[in-house]
Amino acid sequence: MLTPDRWRKSSYSGSGDGNACVEVVAGHAWTAIRDSEAPAHGTLSLSASAFAAFVDALKAQNELSKEL
């Protein structure tokens, strides 16, 4: 169950204005993601392994953009 008290701001969101702020909630085998400024617009639910791959891809993209 995705109750409001279980959502937390992702540590990958950054801080300050203009950042892409997302909230996450994790279960035993899945993680759900939503836009913190529009939580009623839906969620993206991923298996634990798919979420780990998603985060790894974001980190790799971030590192690549630093090199440019």
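Quick caveat, the model's predicted, so the values are computed rather than measured.

Participant: Run through the side chain of T31, naming residues and quoting values.
Facilitator: Position of T31 relative to the elements: it lies in strand β3 (residues 30-35). Contact partners of T31, with chain neighbours within four places excluded, come to V24, V25, A26, L44, S45, L46 and F51.

Participant: Explain the side chain of E23 residue by residue, including any values.
Facilitator: Considering the arrangement of structural elements, one finds E23 in strand β2 (residues 22-26). Relative accessible area serves as the criterion here: at 17%, E23 is assigned to the buried category. Within the structure, the side chain of E23 is placed 2.7 Å from the side chain of R34, a separation counted as a polar contact. Apart from the residues within four sequence positions on either side, E23 is in contact with W7, R8, K9, S10, A32, I33, R34 and S36.

Participant: Talk me through the sheet that holds β3; I want residue IDs and the actual numbers.
Facilitator: Taken in spatial order, the 4 strands line up as β1-β2-β3-β4 in an open sheet, and their pairing is antiparallel. Each edge of the open sheet carries a strand with a single partner, namely β1 (8-9) and β4 (44-47). Pairing of β2 with β3 involves 5 bridges; the strand directions are antiparallel. From the neighbouring strand, E23 faces β3, where its bridge partner is R34. Against the sheet, helix α1 (residues 48-67) contacts β2, β3 and β4, and its axis sits at roughly 105° relative to β4.

Calculation notes
- Residues numbered from 1 in each chain as written.
- Predicted model: local features only at pLDDT ≥ 70, side-chain atom pairs only at ≥ 80, totals over all residues.
- Heavy atoms only, no water.
- Helix = DSSP H or I, 4+ residues; strand = E, 2+ residues; numbered from the N terminus.
- Contact = heavy atoms within 4.5 Å.
- Buried < 20%, exposed > 50% of the residue type's maximum accessible area, 1.4 Å probe, protein only.
- Polar contact = N/O pair within 3.5 Å; in protein donor to acceptor, adjacent residues only side chain to side chain.
- Pairing = 2+ DSSP bridges.
- Axes fitted to C-alpha atoms, helices over the stretch in contact; angles between N-to-C directions.

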